[in-house]
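# What the coordinates show
Residues per chain are reported as follows:
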Amino acid sequence: MKVLSIQSAVAYGHVGNSAAVFPLQRIGVEVLPVYTVNFSNHTGYGAWRGPLIDPSDVAEVITGIEERGVFGQIDAILSGYQGGEGIGEVIVDAVARVKAANPEAVYACDPVMGNAKSGCFVAPAIPVLLRDKVVPVADIITPNQFELGFLTETEPDTLESTLASVDLAMAMGPKTVLVTSVERPDREEGTIEMLVADDAGAWIVQTPRLPMKANGSGDVTAALFTAHYVETGSAKTALERTASSVFDLLSLTLESGERELQLIEAQEFYANPRLQFEARQVR
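Basis of the calculations
- Residues numbered from 1 in each chain as written.
- Predicted model: local features only at pLDDT ≥ 70, side-chain atom pairs only at ≥ 80, totals over all residues.
- Heavy atoms only, no water.
- Helix = DSSP H or I, 4+ residues; strand = E, 2+ residues; numbered from the N terminus.
- Expected span 1.5 Å × (residues − 1).
- Contact = heavy atoms within 4.5 Å.
- Polar contact = N/O pair within 3.5 Å; in protein donor to acceptor, adjacent residues only side chain to side chain.
- Pairing = 2+ DSSP bridges.
- Axes fitted to C-alpha atoms, helices over the stretch in contact; angles between N-to-C directions.
- Parallel < 35°, antiparallel > 145°, perpendicular 65-115°, else oblique.
- Left-handed = near helix turned anticlockwise from the far one by under 90°.
- Nonpolar A, V, L, I, M, F, W, Y, C, P; charged D, E, K, R; others polar.
- Buried < 20%, exposed > 50% of the residue type's maximum accessible area, 1.4 Å probe, protein only.
- Right-handed = clockwise from strand over helix to strand, strands pointing away.
- Phe/Tyr/Trp six-rings, centres within 6.5 Å; stacked < 30°, edge-to-face > 60°.
- Core = buried A, V, L, I, M, F, W, Y, C linked by side-chain atoms within 4.5 Å.
- Salt bridge = Lys/Arg side-chain N within 4 Å of Asp/Glu carboxyl O.

In the annotation of an unreviewed UniProt entry, the protein is listed under the name pyridoxal kinase and assigned to Microbacterium natoriense.

Structure representation (structure tokens):
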């Protein structure tokens, strides 16, 4: 499997491509990483150094890859945090060119905007760009519950309302929606859930909620889910594998006492997921 991953990069820590590339490689995926920023560290620290890469330079790198004749071999395009407004257009153009070379290729978009606690943390134009231009050309999207609500102009908070919002998101274009954090009032205390839906049905998986916030965990989630889904064609299997790997990555990080994901230390959990959580079909 080959994945073209258009995301940010940091030297210290693990977010964007610096979170997604290694877990994909560890499960046997050939990754072609294209960087949209090259920062010293993620912006959660409040201070960082390094450049936003101009959209024209990102486009040049993608064109150089195309000139190597590999677009026809790419199975999936993956995108995440978009630092500047022009990156969305570059990604949409790249998706069209890859799909022209390989109509079977899928585009997985992680529509990074923010979360329920901190609200939006991207430039004001980005959420609108994602909703109106990027998400409609995606095959897979991986929003959290807050981002799902923005995309569909709803306020999902129960299983039923989240499923209804997922249906609205699918009506925008994507065939598969993974909601990476479902928080509903009637769930078991101390847990958090992920929900996936596609043409075959919808499944939810519940894991213990860990007392931590880990930058980059959503990037790992989107990457692993995309690869497992493309490989197996099963949303349920992809959800179970991803939930297992990410939970063990987060558990290891929590035990370490470190702020940054223990991405390398957790590598066996990507290669051999324990599958300790079973997804339940909800429709």
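## Quick notes on helix 3 (residues 87-101)
Between the first and last C-alpha of helix 3 there are 21 Å, a value that for 15 residues agrees with the 21 Å anticipated at 1.5 Å per step. Looking at the buried residues of helix 3, the elements they touch are strand 1 (2-10), strand 2 (30-39), helix 2 (55-67), strand 3 (76-79), strand 4 (106-109) and helix 4 (125-134).

## Some points on the side chain of Asp248
By the element assignment, Asp248 lies in helix 8 (residues 235-256). Among the polar contacts made by the side chain of Asp248, one reaches the side chain of Arg274 at a distance of 2.8 Å. Ignoring sequence-local partners within four residues, the contact set of Asp248 consists of Phe269, Arg274 and Gln276.

## Digging into the sheet that holds strand 10 (residues 201-208)
Ordered by their spatial adjacency, 9 strands build an open sheet running 2-1-3-4-7-8-9-10-11, and the pairing between neighbours is mixed. Because the sheet does not close on itself, it has two edges, and the strands there are strand 2 and strand 11 (280-281). Summarising the sheet, strand 10 and strand 11 pair through 2 bridges and their orientation is antiparallel. By the bridge assignment, Ile204 is partnered in strand 11 with Arg280.

## Some details on the packing of helix 2 against helix 3
At a minimum axis separation of 9 Å, helix 2 and helix 3 run at an interaxial angle of 15 degrees. Between helix 2 and helix 3, the crossing angle belongs to the class labelled roughly parallel. Between helix 2 and helix 3 lies a crossing whose hand is right-handed. Residues Pro55, Val58, Ala59, Ile62, Thr63 and Glu66 of helix 2 form the contact with helix 3, whose participating residues are Ile87, Val90, Ala94 and Arg97. Its residues assigned to classes, the contact of helix 2 with helix 3 shows 7 nonpolar, 1 polar and 2 charged.

## Points about the pairing of strand 4
Of the two faces of strand 4, both are covered, the one formed by Val106 and Ala108 as well as the one formed by Tyr107 and Cys109. Examined bridge by bridge, strand 3 and strand 4 share 4 bridges and lie parallel to one another. Across the sheet, the residue bridging to Ser79 is Cys109, located in strand 4. Traced from strand 3 through helix 3 to strand 4, the parallel crossover comes out right-handed. Direction of pairing for strand 4 relative to strand 7 (residues 140-141): parallel, over a ladder of 2 bridges. Bridge pairing in strand 7 links Ala108 to Ile140.

## A few points about the packing of aromatic side chains
Within the structure shown, the criterion is met by 5 aromatic pairs. Pairing Tyr12 with Tyr45 gives two aromatic rings, centres 6.3 Å apart and planes at 50 degrees, and the pair type is tilted. Of this pair, Tyr12 sits in the loop between strand 1 and helix 1 (17-26) while Tyr45 is found in the loop between strand 2 and helix 2, placing the two residues 33 residues apart along the sequence. What makes Tyr12 partly exposed here is its relative accessible area of 48%.

## A look at unusual backbone geometry
Even without a glycine there, the phi angle at Glu153 is positive, about 55 degrees. Within the fold, Glu153 resides in the loop between helix 5 (145-152) and helix 6 (159-171). On the basis of relative accessible area, Glu153 is assigned to the exposed category, the value being 67%. Although it is not a glycine, Leu275 sits at a positive phi angle of roughly 55 degrees. With respect to the secondary-structure elements, Leu275 resides in the loop between helix 9 (267-271) and strand 11.

## Quick word on the nonpolar core
For soluble globular proteins, nonpolar side chains are generally found buried alongside one another. The biggest cluster of nonpolar side chains holds 44 residues, and the ones touching the most others in it are Leu4, Ile6, Ile77 and Leu195. When residues of this core are assigned to their parent elements, the largest contribution, 6 residues, is made by helix 3. Every residue in contact with Leu195, bar those within four places of it in the chain, is listed here: Leu159, Thr162, Leu163, Val166, Val177, Leu178, Val179, Val182, Trp203, Ile204 and Val282.

## Some words on the pattern of salt bridges
Evaluated as defined, the whole model comprises 15 salt bridges. Among the ionic pairs, Glu231 bridges to Arg241, the shortest N-O distance being 3.4 Å. On the criterion of sequence distance, the pair formed by Glu231 in helix 7 (residues 217-232) and Arg241 in helix 8 is long-range, its members being 10 residues apart. Two residues, Lys236 and Glu240, come together in a salt bridge whose shortest N-O distance is 2.8 Å. Of this pair, Lys236 and Glu240 both sit in helix 8, 4 residues apart, which is roughly one turn of the helix. Residue class for Lys236 comes out partly exposed when judged on its relative accessible area of 26%. Each of Glu66, Asp93 and Arg97 takes part in a single network of salt bridges with overlapping partners.

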